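Single-letter residue listing:
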Amino acid sequence: MIISMKLGATKEQAEDVCKRIEDFGYRVHSIQGEERVVIAAVGKGDVTHCLESLLSYDSVESAVRISAPYKFVSRQYQADRSQIKMGDAVIGGDEFVVMAGPCSVETEDQIMASAEAVAAAGGKILRGGAYKPRTSPYDFQGLEEEGLKLLRKAGDAHGLAVITEVMTVTNVNIVAEYADVLQIGARNVQNFPLLKAVGRVERPVMLKRGLSSTIKELLLSAEYIVSHGNPNVILCERGIRTFETETRNVLDIQAVPVLNKLTHLPIVLDPAHSSGRRDLIPQIARACVSIGADGMMVETHPTPESAWSDGPQSLTFAGFKQMMEDLKPYVDLWKKSRPVAAPVQA
Ligand code: PEP
Ligand code: MN
């Protein structure tokens, strides 16, 4: 069940309602939203009786039954798509948002040039890893705080919001200090202490689906973040692992319409980490727009052949520009077929 308290309901009134729900045998989880307190009740109990009882409280606005194991991220909790502000860009609204930049921040020249190319081609968010989750411990692990500083500088210089990965609980604050959006990588999708920690910061989070996460597991991971106080979660499908070896992973584009039915959160596709191949990205990008994703993330590098990570899947600047040009008619169709979005919350 999800119980929304009325505007202006006091803390005591919310506590009273929580107590009542617990008396029915449920566990409660409440979050203080910008406007009101919302309570999720989970577990087993007499739903009908409990709902009736709750609806008779003057302080309760609504109480609805939600059968999915995730509550706050479900469509039943919120029918309108969430729109999330990242710098000047809004994802989940009327714009198909492209995030791009190198896999890793390497040097000032590299990230500055990338920011310029991303902005010039119409990208809205600059990406660049400063803490890198590498399969091998011998590979480049990221410039850490120095990388964060360079990324921020490059984003500011070209009017772009910046997104970067946070890998550990201890780094959440420092990454949040520099970045507009925190990325949780595929390998950390079930790092529950990390999910709780980013649930406590006031920065949007982009949560990547794990290599072997089911959609339900992804939504439960998002629920961790939201139930710890941060409603601004963007989901990212970045390819799942299958028996196929021609591509790095397989992009599950059907996750977009499936997720759109289950959740109000925005969804981004990442054809770079799914394919691992620069030559395929422009074609897959067309599918990302056509399937109705809210945005896309790709990698671009001034000289992909000398990139310190993910060179083979990084577009050249010319390739990125060309892809963005080629996408325009698709984005126009995307806009026409887009259901009208509710006004964005300030
Ligand atoms: C990345 O975005 O560079 C990255 C490491 O992504 P993923 O977690 O999807 O592998
Ligand atoms: Mn990468």
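Now for a description of the structure that goes with this document.

Scoring rules and cut-offs
- Counting restarts for each chain, with residues numbered from 1 along the sequence as it is written.
- As a convention, the first chain written is A and the first ligand written is 1, with the rest following in written order.
- Only residues with pLDDT of 70 or above have their local features reported here, since the model is predicted, and side-chain atom pairs are shown and tallied only from 80 upward, although totals for entire chains, interfaces and linings are computed over all residues.
- Values shown for side chains rest on all heavy atoms present in the structure; no hydrogens or waters enter the calculation.
- By convention in these notes, a residue is near a molecule or strand provided one of its non-hydrogen atoms lies within 4 Å of it.
- Any pair of nitrogen or oxygen atoms within 3.5 Å is treated as a polar contact; in protein, a donor-acceptor pairing is required on top of that, and neighbouring residues in sequence qualify only through side-chain atoms on both sides.
- Residue-level accessible areas treat just the shown protein chains as cover; the underlying method is Shrake-Rupley with a 1.4 Å probe.
- A side-chain nitrogen of Lys or Arg and a carboxyl oxygen of Asp or Glu constitute a salt bridge if their distance falls within 4 Å.
- Where helices and strands are cited, they refer to DSSP runs of H or I of at least four residues and of E of at least two residues respectively, numbered from the N terminus.
- To sort residues, take the accessible area from a 1.4 Å probe on protein chains only and compare it with the maximum for the residue type: under 20% means buried, over 50% means exposed, and anything in between is partly exposed.
- Paired strands, in this sense, are two strands between which DSSP finds at least two bridges.
- Handedness of a crossover is defined as follows: orient the strands so they point away from the viewer, and if the path from the first strand over the helix to the second runs clockwise, the crossover is right-handed.
- Here the axes come from fitting lines to C-alpha atoms, over the contacting stretch only for helices, and the angles between their N-to-C directions go from 0 to 180 degrees.
- Only heavy atoms matter for contacts: two residues are in contact if any of them lie within 4.5 Å across the pair.

## Focus on the site of ligand 1
Next, step 1: Around ligand 1, a shell composed of 13 residues is seen, among which Arg-127, Ala-186, Arg-187, Lys-208 and Arg-238 lie nearest.
Next, step 2: Take Lys-132: an N or O atom from its side chain is 3.0 Å from an oxygen atom of ligand 1.
Next, step 3: Burial of ligand 1 by the protein amounts to 97% of the accessible area it has alone, namely 300 Å².

## Quick notes on the pattern of salt bridges
Next, step 1: Under the criterion given, the structure shown has 16 salt bridges.
Next, step 2: Here Lys-153 ties to Glu-108 by a salt bridge, and the two come within 2.6 Å at their closest N and O atoms. Residue Lys-153 is located in helix 4 (residues 145-157), and its partner Glu-108 is located in helix 3 (residues 108-121); the two are separated by 45 residues in the primary sequence.
Next, step 3: Looking at Lys-153, the relative accessible area reads 42%, which means it is partly exposed.
Next, step 4: On the basis of relative accessibility, which here comes to 34%, the residue Glu-108 falls in the partly exposed class.

## Remarks on the environment of Arg-286
Next, step 1: Within the secondary structure, Arg-286 is located in helix 10 (residues 281-290).
Next, step 2: For Arg-286 and Ile-125, which are 161 residues apart along the polypeptide, the C-alpha to C-alpha distance reads 19 Å.
Next, step 3: Only 3.5 Å separates the side chain of Arg-286 from the side chain of Tyr-330, close enough to count as a polar contact.

## Quick word on the pairing of strand 9 (residues 161-165)
Next, step 1: Within strand 9, 5 of the 5 residues are buried, which leaves the element mostly enclosed by the surrounding structure.
Next, step 2: Here strand 9 shows two buried faces, one formed by Ala-161, Ile-163 and Glu-165 and the other by Val-162 and Thr-164.
Next, step 3: Looking at chain direction, strand 9 and strand 10 (residues 181-184) are connected through 3 bridges and run parallel. Counted as the bridge partner of Glu-165 is Gln-183 from strand 10.
Next, step 4: Following the chain from strand 9 across helix 5 (residues 172-178) to the adjacent parallel strand 10, one finds a crossover that is right-handed.

## Observations concerning the sheet that holds strand 2 (residues 27-32)
Next, step 1: Strand order in the open sheet made by the 4 strands is 2-3-1-4, with antiparallel pairing throughout. Looking at the sheet topology across the chains shown, the edges are occupied by strand 2 and strand 4 (60-64). Within this sheet the neighbouring strands show an average axis-to-axis angle of 15°, counted without direction.
Next, step 2: Alignment of strand 1 (residues 2-5) against strand 3 (residues 37-42), held across 3 bridges, turns out to be antiparallel. If you follow Ser-4 over to strand 3, its bridge partner there is Val-38.
Next, step 3: Seen against the sheet, helix 1 (residues 11-23) touches strand 1, strand 2, strand 3 and strand 4 and runs at an angle of roughly 10° to strand 3.
Next, step 4: Relative to the sheet, helix 2 (residues 47-55) contacts strand 1 and strand 4, its axis offset from that of strand 4 by approximately 165°.

## Points about the environment of Leu-259
Next, step 1: Counting through the fold element by element, Leu-259 comes out in helix 8 (residues 255-262).
Next, step 2: Among residues more than four places away in sequence, those in contact with Leu-259 are Ile-215, Leu-218, Leu-219, Leu-235 and Ile-267.

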